[in-house]
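Below, each chain spelled out in residue letters.
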Amino acid sequence: MKLPLILTCIIFVNLFLVGCEKQKEEKQILQENIKVDSIIEKLTPVAFTYPDSTKQEIFAQLMSIQDSVSYYRLYFFLLRCYMAEAKPDSMQHIIKKTISFCNNREKDTLIAELEASAYFQLAQLKHNEEKKDSAIMCNKMAINAMFHSSKKFKKNLPYAYLNLADSYHQKGDYPQAVANSRKALMVADSMQLGISVQCAIYSELARLYIDLKNFPQADDYFNTIETMIDSLPYCDRYSAANSRGYYYFSTKEYEKALLWFKNAIEYTDKDGLEYTKVPVWGNLGEVYLALNQNDSARYYLNKISEFEKLNFITPSTLYYTDMLYVSLYLKENNLGKATSILHKLSENQAKNNPNYIHLNSKRLEEFYDKKGDYKNAYKYRKEVDIYEDSLRNITVQNNIAEIEARYVNDTTLLKRDIVISQQKQEVLQLKSRTTLIVSVFLVIILLIIIVISYIRKKRDLEYSKQLSTIAQLRMESVRNRISPHFVFNTLNALIPALEEHKELSRPVNLLIKSIRGSLLASEKMAIMLKDEIGNYSGQHFRIYGILQFGNFCQRIIP
């Protein structure tokens, strides 16, 4: 008997120790998560400004962290430092290592958030590398991970859909780009997020409609953005201003485009992110070329060339900048420099965006025309015409596809609204039925209560009547036993005999009066207080009279 008891005690002790150890481990994990949150919050403002010291601080803190999730959360923060140093290879190493860790762990909210952030950053790198399909896949993976994250982190979901839309936009799949932009807008509206998110979505939709040559639709979105631009952060103002300038450049309103691009530069100065100026410098260079202000165009193109040492300038941006240089040299009749750049561009044409290749063909046509080589000029003119015809066909097809996608989306939303309306109607009917049933049930209960109360009251009334009848019968029985007439006659007969004893006449009269009052009161259910007092006095004198009468009888009867 002792052995099972000892084994039971050992099992309970082990379970208790395991529970204590697990509780201690969970407490340590919580403390390390709090510690990592505080470190990230402290280092966020200085990561871009002082990347070296930030990296040293992170590596020092990583040595003291034991929990793997907390470790990788802080390790992933190194990405900001390498981003500031423009080291995409180091960034890619951190991202892939983080994704590998997340794939080997059971999914929870922290793991999902870390995985979503990693795929999001990897999509940006693939975008910079012109790997559009890979960027699309990474954005989709980020969105899937976000669905398993916390409610607070899900607020980034509209931005994820917006990045996916931008990847489709860069690929030239405008229907998918518009569909995902609208999905981002729907998610933002459902989560009731701020105007900053809405402005970013409207800006992307406007750029899409510019490329689809639907300028009225794009202008509507920009007009909406302009009503809220003063309340946006500077980074969002920069994006909105740059997109608005692109709209006016596309509609050949160059003066207005120049004004908005200058506003975008001012916003980047206040925002403090230097690399965001590169696209605006290119846009300013192109506008000044369109306005035949070559010196201003050269100023901004040279600023991009000075910035080339940063690896964040994508191949497309460099290609676009070189083509602007070609246009500048052709305007200045500097055919030598234009020739060297065109030869460099033609070597890598297949690796770049078809739009840029089209622009390069136009530059070559202009170049050979100025050189007097009309044969080659005509050759590139044909290539430009073929591409523009193809581009017009693609634009028309994309417009049709976008309209169809919008129709399908609107039809789906309409069907959803119809289903929701039907469900609401069914709920209202169910509520009405439930209310009716409950009301009928309450009425029935109320009627039952009223009937029961009525029956009880009627029964109590009958019971009272019966008690009254019993009391009256009892009093009649008492009266019949007492025979009041006999008593009164006897007393009246004795009164003349008491004339000799004056002191007895008053008590006897009071006795007679008291008996008469008692008899009269016995016929009533209630009597007044003064009558009761009088009756009490009468009883008192009745007793007194009986006593006096008894003494009298003892004296006269030997």
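As shown above, the structure is provided for reference.
These remarks concern the structure in this document. Along each chain, residue indices are assigned from 1 in the same order as the chain's sequence is written. Thresholds applied to this predicted model are a pLDDT of at least 70 for local features of residues and 80 or more for the giving and counting of side-chain atom pairs; totals over whole chains, interfaces and linings are not thresholded and use all residues. The basis for the side-chain values is all heavy atoms of the structure; hydrogens and waters are excluded.

**Concerning the packing of helix H12 (residues 234-250) against helix H14 (residues 277-290)**
So, point 1. Helix axes are fitted only over the stretch in contact, all axes being lines through C-alpha atoms; the angle between N-to-C directions runs from 0 to 180 degrees. The way it works is that DSSP assigns letters per residue, a run of H or I at least four long becomes a helix, a run of E at least two long becomes a strand, and they are numbered from the N terminus. Where H12 contacts H14, the two axes come as close as 11 Å, and the packing angle between them is 25°. Between H12 and H14, the interaxial angle falls into the category roughly parallel. In this structure, H12 crosses over H14, and the sense of that crossing is left-handed. Contacts between H12 and H14 pair Tyr238, Asn242 and Phe249 from the former with Pro279, Val280, Asn283, Glu286, Val287 and Ala290 from the latter.
So, point 2. Partitioning the contact of H12 with H14 into residue classes produces 6 nonpolar, 2 polar and 1 charged. Reported orientations rely on four angle classes, namely roughly parallel under 35 degrees, roughly antiparallel over 145, roughly perpendicular from 65 to 115, and oblique for the rest. Left-handed describes a crossing whose near helix is turned anticlockwise from the far helix through less than a right angle; right-handed describes the clockwise counterpart. The contact criterion used is simple: two residues touch if any of their non-hydrogen atoms lie within 4.5 Å. Residues are grouped as follows: Ala, Val, Leu, Ile, Met, Phe, Trp, Tyr, Cys and Pro are nonpolar; Asp, Glu, Lys and Arg are charged; all remaining types, including Gly, are polar.

**Some details on the side chain of Asn180**
So, point 1. Tracing the backbone shows Asn180 in helix H9 (residues 174-191).
So, point 2. A relative accessible area of 6% places Asn180 in the buried class.
So, point 3. With near-sequence residues (within four places) excluded, Asn180 lies in contact with Tyr161, Leu164, Ala165 and Tyr168. A 1.4 Å probe rolled over the protein chains alone gives each residue an accessible area, and that area as a share of the maximum for its type sets the label: buried under 20%, exposed over 50%, partly exposed in between.

**Some words on a nonpolar patch on the surface**
So, point 1. Nonpolar side chains collect at one region of the surface, where Leu436, Val440, Ile444, Ile448 and Ile452 lie side by side and expose about 450 Å² of accessible area between them.
So, point 2. Within the secondary structure, Leu436 is located in helix H19 (residues 374-482). Nonpolar side chains (Val, Leu, Ile, Met, Phe, Trp, Tyr) within 5 Å and like charges within 9 Å form the patches, drawn only from residues with over 30% relative accessible area and no salt bridge. Note that accessible areas follow from Shrake-Rupley with a 1.4 Å probe, and for residues the cover is restricted to the protein chains shown. Whenever a carboxyl oxygen of Asp or Glu lies within 4 Å of a side-chain nitrogen of Lys or Arg, that contact is scored as a salt bridge.

**Some thoughts on unusual backbone geometry**
So, point 1. Positive phi, normally seen in glycine, also occurs at Lys252, with a value near 65°.
So, point 2. Position of Lys252 among the secondary structure elements: in the loop between H12 and helix H13 (254-271).
So, point 3. Here the phi dihedral of Asn333 falls at roughly 60°; this positive angle occurs in a residue that is not glycine.
So, point 4. Inspection of the secondary structure assignment puts Asn333 in the loop between helix H16 (315-331) and helix H17 (335-347).
So, point 5. Owing to a relative accessible area of 53%, Asn333 belongs among the exposed residues under this scheme.

**Some words on the environment of Ala160**
So, point 1. For Ala160, the location among the structural elements is in helix H8 (residues 157-171).
So, point 2. The sequence separation of Ala160 and Ile143 amounts to 17 residues, and the corresponding C-alpha distance is 6.2 Å.
So, point 3. Leave out the neighbours within four places in its chain, and Ala160 touches Ile143 and Met146.

**Let's talk about the packing of aromatic side chains**
So, point 1. Stacked, tilted and edge-to-face are the three classes applied to pairs of Phe, Tyr and Trp rings, where Trp contributes its six-membered ring and a pair requires centres within 6.5 Å; stacked means planes under 30 degrees apart, edge-to-face means over 60, and tilted covers the rest. Under the definition given, this model contains 14 aromatic pairs.
So, point 2. Ring geometry for Phe222 and Tyr247: centres 5.7 Å apart, planes at 55°, overall tilted. With Phe222 in helix H11 (residues 215-226) and Tyr247 in helix H12, this residue pair connects regions lying 25 residues apart in the sequence. The pair Phe222 / Tyr247 is uniform in exposure class, with both members buried.
So, point 3. Judged by centre distance (6.0 Å) and plane angle (5°), the rings of Tyr288 and Tyr300 are stacked. One end of the pair, Tyr288, is in helix H14; the other, Tyr300, is in helix H15 (residues 294-306), with 12 residues separating them in the sequence. The residues Tyr288 and Tyr300 share a single accessibility class, namely buried.
So, point 4. Here the aromatic cluster, defined as three or more aromatic residues joined through ring pairs, consists of Tyr71, Tyr72, Tyr75 and Phe101.

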